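For reference, the chains in residue letters:
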Amino acid sequence: MAMFSFLATGIKKYYDIGETLGKGSFAVVKKGTPKEGGPAVAIKVVDKKDAQFDEASLQQEIMIMKKVSHPNCIKMHEVFDEKLKMYIVLELVCGGELFDRIINKGHYSEQDAAHCIHDVTGAIAYLHSMGVVHRDLKPENLLYASDQPSDSDYETIKVADFGLAKIVQGGKEGDGSMTTTCGTPGYVAPEVLEQNAGGYGPEVDCWSIGVILYI
C-alpha cells in the first residue's frame, strides 16, 4: 500500500496536469501524469476562493479517505495544499459511471446486477466496519475500474465521492445519531428526509443500494 502524504509544496513539481475529466460545484477533476513515471492519476483541484468552498467538509472528506483502503473504493494517494488551491491526488479509473452504463446498456441481466451489487455491498460493509457512512450512494458515484473488455463477464466497481461521508462511533454519529439532511433525491432513505429527533444510522446506505439494485 502506497504511503499517504500531505504536502505544502507545489504539485507541478511532481505531476503534469492534463485534460479535464469532470467538474463539481467547487472543484474540477483533471488527469495527472507523474513526472517520475508510473500510472496516471486523477487530480481533484479545489478552488479555495469559490463561494461554495467548505473547508471543514473538505477536511473531513480527506480524513475519511486517508482511512480507506479497499479494492472497491477509490483510493487517495496524496494531497497538495497550496495558498489558493488544494489538489487531491486519487486513483484513476477509466470505465466511467454506472449511470452511463445503465443508459448505454438499456437493461442489466440479473447476473450483471448481482456482480455490480456484490462489489458495492462489499465496499459499504468495509466502510461501516471502519465507522464510515457514505450517505450519497447513487449510480453516478459508482465507477467501473476499466473500459477495456474483460475475459470474464465480471467488471470491478469502485465507490467514489466521499464528500458527504461521515465518521460515526458505535453505528451513530458521536453520542447520538446523524441528523443532517443530505444525499440525492430518489436514492436517499426516508428517515434522512423525515428529520426525526432520533436521527438515522448507517443503514441509510443499504436503502440507497436497494434503489440502485432495483434500477
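Per chain, the residues get numbers from 1 upward, laid out in the order the sequence is written. In view of the model being predicted, local features appear only for residues whose pLDDT reaches at least 70, and side-chain atom pairs are presented and counted only at 80 or more, with totals across whole chains, interfaces and linings using the full set of residues. For the side-chain quantities, the full set of heavy atoms in the structure was used; hydrogens and water were omitted.

This brings us to empty space enclosed by the protein. Points on a 1 Å grid, built from protein atoms alone, make a cavity when a 1.4 Å probe fits but cannot get out and make a pocket when they are open with protein on both sides within 12 Å along at least 5 of 7 lines; residues with an atom within 4 Å of a point are the lining residues. Grid points are joined across faces, edges and corners, and a volume is the space filled by probe spheres set on the points. Scanning the entire structure with this criterion turns up one cavity of 30 Å³ or more. Estimated volume of the largest cavity: approximately 50 Å³. Lining the largest cavity are Arg135, Asp136, Cys182, Val188, Ala189, Val192, Tyr200, Val204, Asp205 and Ser208.

As a further point, take the packing of helix H3 (residues 110-129) against helix H5 (residues 204-214). Between H3 and H5, the shortest axis-to-axis distance is 11 Å and the interhelical angle comes to 170 degrees. It follows that H3 is roughly antiparallel to H5 by the angle criterion. Residues Ala113, Ile117, Val120, Thr121, Ile124 and His128 of H3 form the contact with H5, whose own contacting residues are Asp205, Ile209, Ile212 and Leu213. All amino acids are sorted into three groups, where Ala, Val, Leu, Ile, Met, Phe, Trp, Tyr, Cys and Pro are nonpolar, Asp, Glu, Lys and Arg are charged, and the leftover types, Gly among them, are polar. Residues that form the contact of H3 with H5 fall into these classes: seven nonpolar, two polar and one charged. Lines fitted to the C-alpha atoms define the axes, with helices restricted to the stretch that makes contact. Angles between their N-to-C directions range from 0 to 180 degrees. Put simply, DSSP marks the helices as runs of H or I at least four residues long and the strands as runs of E at least two long, and each gets a number from the N terminus on. Just so you know how the angles are binned, under 35 degrees is roughly parallel, over 145 roughly antiparallel, 65 to 115 roughly perpendicular, and the rest oblique. Contacts are residue-level and defined by heavy atoms, with any inter-residue pair within 4.5 Å sufficient.

Throughout, exposure labels follow a simple rule: accessible area from a 1.4 Å probe, protein chains only, divided by the maximum for the residue type, with under 20% read as buried, over 50% as exposed, and the rest as partly exposed. When you tally the buried positions in strand E6 (residues 85-91), you get five out of seven residues, the bulk of the element. For two strands to pair, DSSP has to find at least two bridges joining them. With seven bridges connecting them, strand E4 (residues 41-47) and E6 associate as antiparallel partners. Note that in E6 the partner of Val46 across the bridge is Met86. Here strand E5 (residues 76-81) pairs with E6 via five bridges, running antiparallel. Residue Glu78 lies in a different strand from E6, and its bridge partner there is Val89. Connecting E5 to the antiparallel partner E6 that follows it, the hairpin turn spans three residues.

Considering the arrangement of structural elements, one finds His70 in the loop between helix H1 (55-67) and E5. Within the structure, His70 has its side chain in polar contact with the backbone nitrogen of Asn72 (distance 2.9 Å). With near-sequence residues (within four places) excluded, His70 lies in contact with Gly122, Ala123 and Tyr126. Contacts described as polar in this section are N or O atom pairs within 3.5 Å, which, within protein, must combine one atom able to donate a hydrogen with one able to accept it, while residues neighboring in sequence count only if both atoms come from side chains.

With that settled, consider the layout of surface pockets. If you add up the space inside the largest pocket, you get close to 1,300 Å³. Around the largest pocket, the lining comprises 44 residues; the ones closest to its centre are Val29, Lys44, Asn141, Ala160 and Asp161. Secondary-structure elements contributing two or more residues to the lining of the largest pocket are strand E2 (15-23), strand E3 (27-34), E4, H1 and E6. Counting residues per element, the lining of the largest pocket draws most heavily on H1, which supplies six residues. Taken together, the residues of the lining of the largest pocket sort by class into 20 nonpolar, 10 polar and 14 charged. Considered as a void within the structure, the second largest pocket measures approximately 280 Å³ in volume. As for the second largest pocket, its lining consists of 19 residues, of which Tyr15, Pro34, Gly37, Val41 and Glu78 are closest to the centre. Of the residues assigned to the lining of the second largest pocket, the class counts are 11 nonpolar, three polar and five charged.

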